[in-house]
Structure formats: C-alpha cells, structure tokens
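Take a look at the letters that make up each chain.
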There are 2 protein chains.
Amino acid sequence: MSDISGLPLIGAAALRVKAASRVLRTLPTDTKDAALTAMAEALVERTDEILTANAADVAAARADGTPEAIVDRLRLDAGRVAGVAEALRQLVALPDPVGDVVRGSRLANGLELKQVRVPLGVVGIIYEARPNVTVDAAGLCLKSGNAALLRGSASAFGTNTALLAVLAEAGEKAGLPAGFVELLPADRASVGELLNARGLVDVVIPRGGASLIQRVVRESRVPVIETGEGNCHVYVDASADPEIAEAVVLNSKTHRVSVCNSAETLLVHRDVPFLPRLLAALADAGVALHGDDAARSAHDGVVPATDEDWGTEYLSMDMAVRVVDDLPQALDHIARWSTGHTEAIVADSARAIAEFTAGVDAAAVLVNASTRFTDGGEFGFGAEIGISTQKLHARGPLGLPELTSTTYVVTGSGHTR
Amino acid sequence: MSDISGLPLIGAAALRVKAASRVLRTLPTDTKDAALTAMAEALVERTDEILTANAADVAAARADGTPEAIVDRLRLDAGRVAGVAEALRQLVALPDPVGDVVRGSRLANGLELKQVRVPLGVVGIIYEARPNVTVDAAGLCLKSGNAALLRGSASAFGTNTALLAVLAEAGEKAGLPAGFVELLPADRASVGELLNARGLVDVVIPRGGASLIQRVVRESRVPVIETGEGNCHVYVDASADPEIAEAVVLNSKTHRVSVCNSAETLLVHRDVPFLPRLLAALADAGVALHGDDAARSAHDGVVPATDEDWGTEYLSMDMAVRVVDDLPQALDHIARWSTGHTEAIVADSARAIAEFTAGVDAAAVLVNASTRFTDGGEFGFGAEIGISTQKLHARGPLGLPELTSTTYVVTGSGHTR
C-alpha cells in the first residue's frame, strides 16, 4: 500500500503527505479555517519575498524566449498576491463539505443508511506556469480535508518554493500537521512517479496544456480528473441581438486571452446581417481573424482558416471564424472540434437556445453570456482547483464538494440477509 | 474523435453504440420505461432458449475444471432469469436521473446557473462469469440514457449472446435505436481495444477479480470506475452482544460465499468472552478457519493463518481469524489489508462505533449488520452495475445517478466580465 520503492524523487514527500492526510481527515472545521486565515495573512505580510522570487522566475522565462501569454500566467504582483490571499479568506466563509450527509434514509428492514462526505485523502496536482495554483490548491485541499502533493512547473519553481514556505510555516503554526502540503521537484521524472503512486495518491489533477493532459491520461495508474483544455466556441444565431452578440463575442475573446475559458472560434449563422460590423469590432480590438470564405468576404484582412485553426486553443489575440448554414451545422462543428469545456450561444429564439443546450456535450453551456464566466469564483464556489473537462466525478469548476468522496454508513441491530 | 483504426474487433460495434448514445441522450423516460418492460417480458417468455445456452456454458465450464464457486456465478435457472427480469421492471419504478437539476441559483450579477444531469454517453463494461450483469448493465445504462458496450467472459459467451438477442429484439421493437447495447467478442484483445477507445467510450467499468481490475487500471486510457474486489472484515468489539455477533458473522461469511460483499476475515477483541462459541458456530456451519495463535487456542482445528490469508478474497467457505488487543489494532489491520469495499463492526459501545466508522476508509461501513447488505438492491437503488471501490465519481453501489454526468447551463442577457 505504502511502498515507495521506485519513487526516489517523491516517495519521502508522499509518505509525509499521506500521514498528514490521516490527521486532516478528522480535523475540525475551526482549525482548518484558522489556518486558512493565518496563511492568507502570511502571504500578504511576506509579499516582498514572494515577488522577489517571482521576478527571478519571470526574468528567466523572458530570457528563455517564453511567449508573453505564458509569462503573464507566471507573473505575480502585489495585487495578484493579495488576490490569492483573498481567495483563501473566501474559503473560510464556505461550508466545510466533510461530514455532510449527502443522502440518508431508513430502509424497509429498519437499517439506517447514510451517505457521508469524506475527504479524498491525498490529491496530486500537476500544473504549469501559474503560481496562484499553488495557493488555491493548498487552500481548497485543506478546507476539504485533503493533503496536497503539488508538482508545479520548472519555470515557476522559485515562486512556488517561496509560496510553499509561507503556507507551510503559517499552517503548521496554526495547528496543521507537517506535510499537509508538499511541493515536488520540477523534474520530468517526478510526474511519472506521481502517476504511479497508487496507494499513496488518491487522485491526480493535471492543469495545463494538451500535451501534459495527454501524458497524464496515457501514463497514470492513479485516477485522474482531466482539466483545462478549452477550445471554446461562440455561436451567433440568426435570432441574436446585435449588441449582445458584439458584447459577448468581444468579451469571450479579448477579456483575458491566456486562459482556458476564452473563446477561440466564432460560428455565425449565415442570416446574421451584422457579421461585417462584428468582425470589424473584433479587428478594432486587435484580434487577428482566420476565416472561411464567407467570413473573408465580410471583412478585409481575414486570413484563410484551415483545420488547424478549428482545432487550436490559440491562447492569443487570434480567432477563427466560420459562417454556418444553420444551427445543426454549428453543433456538428462543435462536436468535431470541442474539447468539452465551454460553448456559448447568442440567440433570442427559445427554440434555438433549447436545441443548442440539448445538443452540446460540454462542461458548461453559456446562453447570452461570455464564455469567461465558466469559473469557480464566478459560479460562487470560491477558488477552484481547475475546470474538469471529463464526464466522471466532476465536470466544470472543481470546488470543495468535488474534492470529496463518500462513505455509506449503515447501522442495524443485528440485521442479516 | 471517432477514429476506429486500431480497433478491428470492436470498432464497428463502438460506432453503432456511439450513434445510439446520441439518440438515447434525449429519449423520453416513457420510451425507456416501455422498452424495459418489454425486455423483462421477453426474458421470461424466452427463458428456455436462455437456459439452453446457459446449460452449454455451464457444462463446458465444469469440463474445464472450473471451481464450483465460479460455476455458481455462471449458472442460470428459471428463478434467476425471472430475477433479472424483475430487476428490469424495478428500474421502471425508479426516477429517471437525466434532466434532474442537481443545483441551481441566481448569481449576484443576475446570471442563472443550473447544474443538470446528462447521460455519460457510452459505458463500457468488462465482466466475468455472471451473465445477470448483461441484463442489469443493459437496463441500468438504458434508464440512465447511456448506450452500453459489454465485454463478458468467454465462459458465458453463449449465455450472453442469447440474452443480448432477446434484449436487442425487444428493445428495438419498443422504439430504442439499434446499437443501444452491443456484446463484444470475448477475445483477450477486445479488452485492450475497449481500454484504448478514447472518444468512443466515456467510461469503462470492470467487474471481476483483482487481476482483471489491475489490468484495466494499468492499461486504460478511458476513465475507469474500479469495482468489486472485496476483502471484507468483521470486527467484533469487546462491547458486542454475543447473539448479534454470531448472527452477523455467520451471515457475512456464509450467506453467499462467491460474492464480493461476503466477509473474509474476522477480527475479535481479546476481551470478547464468547470467541470459542463463535468459532464453533462457524465451524459447525462448515467454515474452514485460518487463525492466529489466540484463535487456535480458542477452537480446535483452526489452521495457522499467514499474510496470504489476511490478503486473500477467498470467495469460499474459508475465513481468517485474528484476535486483536484493541480497536486501533483492528483499524490498523483493516488499513493494511482492506480493499476499501465493506467493513463491519459489531459493538454496543457508541464510542467504539464512532471510532470505527471515522477510522475506516471504505465504500461502506456496516454497524451491527451483515456485510452482505452492501448492495444496490438492498440500498434501494434498484439493480446495480457494480460496487465501486474507488473514491472518484462514485463509491459503493453504482445505481442510476452514478451513471450520469452533469452540464452547467448558464443563462444571461448579454453578461460580460
């Protein structure tokens, strides 16, 4: 069960985290909340040392020629540190899911059946540049009674180490067991070990690009929750209001291009009369358009789109544009290219909205609203540990209840079959 | 997405099932219920041809020297066929989970958030001898809006083929799409293909012994729900009532030895005065006892137990017995050897019960009741597709809601961030 031969890089940390998970399992909510508050305060107090470590990571990334969209994910400033600290404080206000009775009943034979939420145990998280994940993950795992084994990217290792030092010191001072959260080395091999740590790690959550997620899915013997890849579409129906369409499309594309819930492809019904205006607004906002022939006829400077455009999560100020004959063609396009994250429709027709929401198979369907709303914070779940794009366990933003399992407790008085 | 190159054995069936899943996704409950009733009637009407096929499978298994416990799993009679037909009828009475709003709220900014249950899509099930799984799986998948890709054992292939013919004909006549359920060839290679059918199969559920489950976990690129391996313990506390202890231990061990929720190990507190009587009752019932020194002192004819006994799911009239110093030692033993299926305590002390239920990490904890109650039917969920021993998605009996995923539908009026 707890065999760490074959895990030279992560074995010792995994044993510490597993031991901590047994303490966390039964820790009172008060203790967890006090620790979250102490951790938030410590992050703000020690912002300078965090930013110093982060500046070194950012400088090294730029020197390596890292694209600016990725550097943006890596970069912290005092406001972002205050933001992650505030996310920890928001967790205090959220209910503790552990011990919740999900369902309960008295069976016909008198047996009392209760399904009770329990922590998952040890949660492994593999993530790329964004160091805020270090804090969000530690906080969400703690509040849900789980211990966390974090494997961040090499590019953020200095920042993550600084953050971990602050969290661990503040958390342990507030009564948490040592090892409630651990940072693994950023070697490529440490991912492989994590994916093979059956019996030590209860679930692995990868947060990152397609190649990371594919590797985790292919190699992992530990159960996985897939997250994050977002090739999101906005479909503008013939019944759409022009102003709503323009607002939703621009916001979905341009509000923050480097995140998974930004839109990558615009699908427009051929009867939409305001396509030229819509494309001009995108171009004015600085979006580089890749389109089919109809889109190229509607606006100058649209470059031809290929299958690669339909299949790419740009994470940049690029957008693919296709004009479709009808809503079913939009659904076919989405079925072919969607990653199952977020799909949006702008429409006034109730029939079109119903057809779209029934026909799309995704974690979230947005109706007359920006794709950017698919987010644990926006949904009111507090900080999220990722957005699940798989169908098992949890789909969409992963908040506290999604980080728990359950046990059936069945009480009798000598019942036999 | 629907690439079937590399899937020569299952590709064509998988495409049919995937196409059917798109129809099943939006099928009204009435149509599904009518089909379930028709399938149940057809099974009863055509019992003779099913039993003829089954008799051939049973004869072949016996000729191969298959152990009787396994032959018992394979064997059908008119009563068992009527039983699986009745399980289909019970599904009609259960609520359809598809379309249920799991949660819903209006966010502060006016967005309307709904989390709605949707089918998983295509469910792959790999199972061993028991042919009743063929019917249970088809029925549960249908009621929950899923299409089913079944891979039964070679030993039951004749029986499964006969059952499938009945189900498919009755189902299609009642309005289901062709391919709502398909039986895959029983080759070893068909399992490998199923485990690699990402994009065609949404989840694989293995039902069977440890080696099958380990293979599935190791090889699968499709998400897995682990089921079934049950090395279940009964702990008899010092505070236990002697009659309840005897009833629960005997029922847990002897009611049906070939199933995953039967008990394999008895742990007894050293202060229990009635250990000799308890072991005599087990021996009188025909149980072969494997014990530690203290157990061997309490009853003649107990053979010495080794680590292999603690770790074995006997599935036979054998039981391992260990005398423990206290409840924490029982918890340590369970943590070391449990498969996370079902653990039971017999006790009158509320403190002991609380300590046991908090300390055991399993799908089900039974208090003063037989381990045999961990069962979807006993829990009132209707037929079950298996008992999950993993922590993700669903733990314990897998009923209808456990065969669904969800989609967040978020409705605004031009909302942007």
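Computed from a predicted model, the values in this text were never measured in an experiment.

Q: Before we go on, may I ask you to explain the interface of chain A and chain B in this structure?
A: Across the contact, 69 residues belong to chain A and 69 residues belong to chain B. When residues of chain A are sorted by the area they lose upon contact with chain B, A:Leu392, A:Tyr408 and A:Arg417 head the list and together hold 15% of the total. Counting the contacts that link chain A with chain B gives 10 salt bridges. Connecting chain A to chain B are 47 residue pairs in polar contact (both at pLDDT 80 or more). Contributing elements (two or more residues each) for the side of chain A that touches chain B: strand E2 (112-119), helix H9 (210-219), helix H10 (242-254), helix H14 (327-337), helix H15 (350-359), strand E13 (364-369), strand E15 (396-397) and strand E16 (404-415) of chain A. For the side of chain A that touches chain B, the element with the most residues is E16(A), which contributes 11 residues. Partitioning the side of chain A that touches chain B into residue classes produces 32 nonpolar, 21 polar and 16 charged.

Q: Explanation requested: the domain arrangement of chain A in the structure shown.
A: Interface size is commonly expressed as the accessible area that is lost once the parts come together. All names here are of chain A. Domain boundaries in chain A define domain 1 (11-225 + 398-411) and domain 2 (232-373). The straight-line distance from the C-alpha centre of domain 1 to that of domain 2 is 34 Å. If you look at the interface, domain 1 gives five residues, while domain 2 gives four residues. A buried area of about 410 Å², summed over both sides, lies between domain 1 and domain 2, and 38% of it is on carbon and sulfur atoms. The largest per-residue losses of area from domain 1 upon contact with domain 2 belong to Ala69, Arg73 and Arg130, which jointly make up 71% of the total buried on that side. Where domain 1 packs against domain 2, one counts two residue pairs in polar contact (both at pLDDT 80 or more). Counting residues per element, the side of domain 1 that touches domain 2 draws most heavily on helix H4 (residues 68-74), at three residues. Residue composition of the side of domain 1 that touches domain 2, grouped by class: one nonpolar, no polar and four charged.

Q: Could you clarify how one ought to interpret H15(A) in this entry?
A: Side chains three or four residues apart in an α-helix point the same way, a direct result of the helix having 3.6 residues per turn. Residue and element names in this part refer to chain A. All of the buried residues in H15 are Ala352, Ile353 and Phe356. For H15, the buried positions fall inside an angular range of 100° around the axis, keeping them on one side. The exposed residues of H15 that point more than 90 degrees off its buried face are Ala350 and Arg351. Residues of H15 that are buried make contact with strand E7 (232-236), H14, strand E12 (342-346) and E13.

Q: Before we go on, may I ask you to explain the packing of helix H6 (residues 132-143) of chain B against helix H7 (residues 157-173) of chain B in this structure?
A: Packed helices, taken two at a time, are described by the angle between their axes plus the distance between the axes. Residues and elements named next belong to chain B. Closest axis-to-axis distance for the H6/H7 pair is 9 Å, and the angle between their directions is 30°. Regarding the angle of H6 to H7, the classification is roughly parallel. For the crossing formed where H6 meets H7, the hand is right-handed. Mapping the contact onto sequence places Thr134, Val135 and Ala138 in H6 and Asn160, Leu163, Leu164 and Leu167 in H7. Taken together, the residues of the contact of H6 with H7 break down into five nonpolar, two polar and no charged.

Q: Honestly, the sheet that holds strand E11 (residues 318-324) of chain B in this entry has me stumped. Any pointers?
A: Strands pair in a sheet through their backbones, by hydrogen bonds, and they do so in one of two ways: parallel or antiparallel. Taken in spatial order, the 10 strands of this open sheet run E1(A)-E2(A)-E16(A)-E13(B)-E12(B)-E7(B)-E8(B)-E11(B)-E9(B)-E10(B), and their pairing is mixed. At either margin of the open sheet sits one strand with a lone partner, and together these are strand E1 (101-106) of chain A together with strand E10 (303-304) of chain B. Note that strand E9 (residues 288-291) of chain B and E10(B) share two bridges and pair parallel. Following the sheet pairing, B:Gly291 is matched in E10(B) by B:Pro304.

Q: Please clarify how the packing of helix H2 (residues 29-45) of chain A against helix H5 (residues 78-93) of chain A should be interpreted in this entry.
A: Residue and element names in this part refer to chain A. The contact between H2 and H5 brings their axes to 8 Å, and the two run at 170°. In this view, H2 runs roughly antiparallel relative to H5, as classed from their interaxial angle. For the pair formed by H2 and H5, the contact residues are Asp33, Leu36, Thr37, Met39, Ala40, Glu41, Leu43 and Val44 on the first element and Val81, Val84, Ala85, Leu88, Arg89, Leu91 and Val92 on the second. Its residues placed into classes, the contact of H2 with H5 shows 11 nonpolar, one polar and three charged.

Q: What should I look at first to understand the relation of the copies chain A and chain B in this one?
A: For these two chain copies, the linking operation is a rotation about an axis paired with a shift along it. The transform that puts chain A on chain B rotates by 180° and translates by 0.0 Å along the axis, for an RMSD of 0.0 Å. Both copies of the chain, as the preceding transformation shows, are related through a two-fold rotation axis. For chain A, the minimum C-alpha distance to the rotation axis belongs to A:His393 and amounts to 1.7 Å. Interface residue correspondence from chain A to chain B reaches 100%, placing this contact among same-surface, isologous pairings.

Q: Sorry if this is basic, but what is going on with the pairing of strand E13 (residues 364-369) of chain B here?
A: Looking down a regular strand, the side chains alternate between one sheet face and the other. In terms of residue burial, E13(B) counts as a mostly covered element, since six of its six residues are buried. Of the strand pairs in this sheet, E16(A) and E13(B) are connected by five bridges, and their pairing is parallel. Bridge pairing in E13(B) places A:Tyr408 opposite B:Ala364. Summarising the sheet, strand E12 (residues 342-346) of chain B and E13(B) pair through four bridges and their orientation is parallel. In the sheet register, B:Ala344 faces E13(B), and the bridge partner there is B:Leu366.

Criteria and cut-off values
- Residues numbered from 1 in each chain as written.
- Chains lettered and ligands numbered in written order.
- Predicted model: local features only at pLDDT ≥ 70, side-chain atom pairs only at ≥ 80, totals over all residues.
- Heavy atoms only, no water.
- Contact = heavy atoms within 4.5 Å.
- Buried area = accessible area lost by both parts, 1.4 Å probe.
- Salt bridge = Lys/Arg side-chain N within 4 Å of Asp/Glu carboxyl O.
- Polar contact = N/O pair within 3.5 Å; in protein donor to acceptor, adjacent residues only side chain to side chain.
- Helix = DSSP H or I, 4+ residues; strand = E, 2+ residues; numbered from the N terminus.
- Nonpolar A, V, L, I, M, F, W, Y, C, P; charged D, E, K, R; others polar.
- Domains from an automatic or database assignment.
- Buried < 20%, exposed > 50% of the residue type's maximum accessible area, 1.4 Å probe, protein only.
- Arc of directions from axis to C-beta.
- Axes fitted to C-alpha atoms, helices over the stretch in contact; angles between N-to-C directions.
- Parallel < 35°, antiparallel > 145°, perpendicular 65-115°, else oblique.
- Left-handed = near helix turned anticlockwise from the far one by under 90°.
- Pairing = 2+ DSSP bridges.
- Least-squares fit on C-alpha atoms with pLDDT ≥ 70 in both.

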